[in-house]
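This is what each chain is made of:
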Amino acid sequence: MSDRNETQVIYLLLQGFGNLHSFNMFFFVIFLIIFTSSLIGNLLIIVLVSTSRPLHAPMYFFLCHLSVSDIILSWNIVPILLCTMLGGAQRVSLPGCIVQFSVFSAITITECLLLLVMSYDRYLAICYPLRYASVMDFRTCTHLAAWPWVLGFSIQLCGIVPITHLRFCHNNFIDHFYCDLSPLRRLACSDTSIVALIVFVFAIPVFVLPCCLIVMSYIYIFITILRIPSTRGKQKAFSTCSSHLIVVATFYGTLITKYMLPSQGHSLLIEKVISLWHTVLTPLFNPVIYTLRNKDIKTAARTLCRKYCT
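Reading the values: the criteria
Residues numbered from 1 in each chain as written. Predicted model: local features only at pLDDT ≥ 70, side-chain atom pairs only at ≥ 80, totals over all residues. Heavy atoms only, no water. UniProt positions renumbered as here; feature names shortened; annotations may be inferred. Helix = DSSP H or I, 4+ residues; strand = E, 2+ residues; numbered from the N terminus. Buried < 20%, exposed > 50% of the residue type's maximum accessible area, 1.4 Å probe, protein only. Contact = heavy atoms within 4.5 Å. Pairing = 2+ DSSP bridges. Axes fitted to C-alpha atoms, helices over the stretch in contact; angles between N-to-C directions. Disulfide = S-S within 2.5 Å.

1. Quick notes on the UniProt feature "transmembrane region" (unreviewed entry) in the protein chain
Part 1 of the argument: Feature annotation in UniProt assigns "transmembrane region" (unreviewed entry) to the following positions: residues 25-48, 60-78, 98-120, 141-163, 194-223, 244-261 and 273-292.
Part 2 of the argument: In the segment residues 25-48, helix accounts for 100% and strand for 0%; the C-alpha atoms at its two ends are 34 Å apart.
Part 3 of the argument: Secondary structure over residues 98-120 splits into 100% helix and 0% strand, and the C-alpha atoms at its two ends are 33 Å apart.

Listed below in structure tokens is the structure:
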């Protein structure tokens, strides 16, 4: 009888940051500026890598793919966040909510694997410079860039399929600004243990293993850098991987805080802020770090500016 009396949810209401009240317009402008800047920054990297011959190198090829993933992540999350800032809670269909989470999880997995590929590229470039050009040829780079996308959108299906079989009833209010796993599980009126088990099982090869491999690669990189006799040589070698290291630390720092630490210690506001950093600020942070700390990209940007501004 209880199953028959349940009201099946067909749409969900995303609250966003509904408790900001009079500050909604202020934060709308801030998030709009961040969103626009992140799109411009990532598009600029794609244009520069595509048009500038000095940037036709494996490191920048992988960076271009990272920028594409950041653009998709921003477009998937930020527009509905901006709508909640202007119009309050936004109505989203249940299938649309699941699609949004599907894209979010696929891009997150893809970025984890792309960062692993980029660390492998830096490992080869610094630890085996004489073999680097022969190993990182066009065919290898294409395969290494394609597999994160293939695996990212394939692996997420394993977690999405069980979610589509969950029943959502009575409450359709999500106190978040996008459809994440934890609020969806809290709304479900059916058993979510299978979903939790699948997420836990795939977290090891998708998040933990790449993180460990990245740490190991940088241990070897640092050992190799310390063996370089000249101080200038050490600085030059470290500068080629410092930007990537900062991006890795930021990306995995937010993931560990969001998913690996006990959720009982997090309030909903803290959970939103951590998610905000991962989904809104990180897509802006990546191009800023790479453009400000990379001489080749700054040179290509000045060349492009002189070409079209004179």
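2. Notes on the environment of Y178
Part 1 of the argument: Its place among the elements puts Y178 in the loop between β3 (173-174) and α7 (181-187).
Part 2 of the argument: Overall, the relative accessible area of 0% leaves Y178 in the buried class.
Part 3 of the argument: Residues Y178 and I77, 101 residues apart in the sequence, show an inter-C-alpha distance of 6.3 Å.
Part 4 of the argument: Setting aside its immediate chain neighbours within four residues, Y178 contacts L14, I77, Q100, F104, K258, S275 and T279.

3. A look at the sheet that holds strand β2 (residues 90-93)
Part 1 of the argument: In spatial order, the strands read β2-β1-β3; together these three strands make up an open sheet with mixed pairing. Among the strands making up the open sheet, the edge pair consists of β2 and β3.
Part 2 of the argument: The pairing of strand β1 (residues 11-14) with β2 spans four bridges and is antiparallel. Bridge pairing in β2 places L14 opposite Q90.
Part 3 of the argument: Helix α3 (residues 58-87) rests against β1 and β2 of the sheet, and its axis sits at about 140° to β2.
Part 4 of the argument: The strands touched by helix α4 (residues 94-127) within the sheet are β1, β2 and β3, with β2 carrying the most contacts at an inclination of about 85°.

4. Focus: the state of the cysteines
Part 1 of the argument: Considering all chains together, one arrives at one disulfide under this definition.
Part 2 of the argument: In this structure C112 is a free cysteine whose sulfur lies 8.6 Å from that of C211, the closest cysteine sulfur available.
Part 3 of the argument: Unpaired in terms of disulfides, C158 finds its nearest cysteine sulfur in C112, a separation of 16 Å.
Part 4 of the argument: For C158, a relative accessible area of 35% corresponds to the partly exposed category.

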